[in-house]
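# Residue-level structure breakdown
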Amino acid sequence: AVSNGAFTYGGIYPDGSFVVSATHYRTWTNKPSRLFDTQTGANIPTPSWDNAVNHGGTTAFSPDGKFIAFNHEDTGQGHTLAVMNYDHASNTFSNLTDIANNSQYTLAWPAFTPDSKWVVFHAGSNAAFETDGGAVGDLFGVDLATHTAVRLDEADGYDNGQIYLPAND
């Protein structure tokens, strides 16, 4: 069993063979975001990731394994979401692209739609990616082709801009 914290908030590749860890800032492991073998916990050196991303939070792979999404803390201090292409055959990441920015909220917990064309994410008021302690947040989706982000009102409890879900008062 791996007990070094490398898997905390990590993005597991669809076949389960490796995980991309989240940054040390969020996981308290005091290590940068890196790839690890899920069976042994050994680091898998990957220059195309290691040289491009140091602080990647709440990493997530697309269902087809061709993309990874993450909070791009290197440039956005928690306010930017990015994606990269991934080629499993060569173990190569490429095309680092910021896809959403919001100076007021932390963007985290990305998940791809089944067709890998959209990334759904949480935009919240807590810089630790959490929604407890009075934090608030909304769900958004961003189209990878256009980088257009939209709030997912129906999934998020809004009807014509008004929230209809009960709240903790």
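Attention here is on the structure that accompanies the text. Predicted model, so just to flag it, every value in this text is computed and none were measured.

It is worth spelling out the pattern of salt bridges at this point. If you walk through the whole model with that rule in mind, you get 2 salt bridges. Here Asp 50 ties to Arg 34 by a salt bridge, and the two come within 3.4 Å at their closest N and O atoms. Pair noted here: Asp 50 is in helix H2 (residues 47-50) and Arg 34 is in the loop between helix H1 (24-27) and strand S3 (35-37), with a separation of 16 residues, a long-range link. When the shortest N-O distance is used, the salt bridge between Arg 151 and Asp 153 registers 2.5 Å. For Asp 153, a relative accessible area of 26% gives the class partly exposed.

Moving on, we get to the sheet that holds strand S9 (residues 118-124). The strand order S8-S9-S10-S11 describes an open sheet built from 4 strands, whose pairing is antiparallel. The strands lining the two open edges of the sheet, one partner per strand, are strand S8 (106-112) and strand S11 (149-151). Here the strands of the sheet are splayed against their neighbours by 30 degrees on average, with no regard to which way each runs. Two strands pair when backbone bridges link them, and S8 and S9 are joined in this way by 5 bridges, in the antiparallel orientation. Its bridge partner being in S9, Phe 112 is matched across the sheet by Val 119.

On the surface, Ile 163, Tyr 164 and Leu 165 cluster together into a nonpolar patch covering about 320 Å² of accessible area. Within the secondary structure layout, Ile 163 lies in strand S13 (residues 162-163).

Moving on: the pairing of strand S4 (residues 56-61). Taking burial as the measure, the 6 residues of S4 include 6 buried ones, the bulk of the element. Here S4 pairs with strand S5 (residues 67-72) via 4 bridges, running antiparallel. Bridge pairing links Ala 60 to Ala 69 in S5. Count of turn residues in the S4/S5 antiparallel hairpin: 5 residues, of which Gly 65 carries a positive phi of about 75 degrees.

At Thr 58, a position not held by glycine, the phi torsion is positive, near 40 degrees. Looking at where Thr 58 falls in the secondary structure, it is placed in strand S4. For Thr 58, a relative accessible area of 2% corresponds to the buried category. Here the phi dihedral of His 147 falls at roughly 65 degrees; this positive angle occurs in a residue that is not glycine. Here His 147 is to be found in the loop between strand S10 (137-143) and S11.

Here 3 strands make up an open sheet; going across it, the order is S1-S2-S3 and the pairing antiparallel. Each having just a single partner strand, strand S1 (11-12) and S3 make up the two edges of the open sheet. Both strand S2 (residues 18-20) and S3 contribute to a ladder of 3 bridges, which runs antiparallel. Its bridge partner being in S3, Phe 18 is matched across the sheet by Asp 37.

Another aspect to go through is the packing of aromatic side chains. Per the counting criterion, the structure on display carries 11 aromatic pairs. Between Tyr 13 and Tyr 86 the ring centres are 5.6 Å apart and the planes differ by 70 degrees, which places this aromatic pair in the edge-to-face class. A residue pair is termed long-range when its members are at least 10 positions apart, and Tyr 13 in the loop between S1 and S2 and Tyr 86 in strand S6 (residues 80-87) qualify at 73 residues. When its relative accessible area of 10% is taken as the criterion, Tyr 13 is described as buried. Under the relative-accessibility criterion, Tyr 86 is labelled buried at 6%. For the pair Phe 67 and Phe 112, a centre-to-centre distance of 6.3 Å together with 25 degrees between the ring planes defines the contact as stacked. In this pair, Phe 67 sits in strand S5 while Phe 112 sits in strand S8, placing the two residues 45 residues apart along the sequence. Given the relative accessible area of 11%, Phe 112 is considered buried.

Reading guide: rules and limits
- Residues numbered from 1 in each chain as written.
- Predicted model: local features only at pLDDT ≥ 70, side-chain atom pairs only at ≥ 80, totals over all residues.
- Heavy atoms only, no water.
- Salt bridge = Lys/Arg side-chain N within 4 Å of Asp/Glu carboxyl O.
- Helix = DSSP H or I, 4+ residues; strand = E, 2+ residues; numbered from the N terminus.
- Buried < 20%, exposed > 50% of the residue type's maximum accessible area, 1.4 Å probe, protein only.
- Pairing = 2+ DSSP bridges.
- Axes fitted to C-alpha atoms, helices over the stretch in contact; angles between N-to-C directions.
- Patch = residues over 30% accessible without salt bridge, like charges linked within 9 Å, V, L, I, M, F, W, Y side chains within 5 Å.
- Areas by Shrake-Rupley, 256 points an atom, 1.4 Å probe, with all protein chains shown as cover.
- Phe/Tyr/Trp six-rings, centres within 6.5 Å; stacked < 30°, edge-to-face > 60°.

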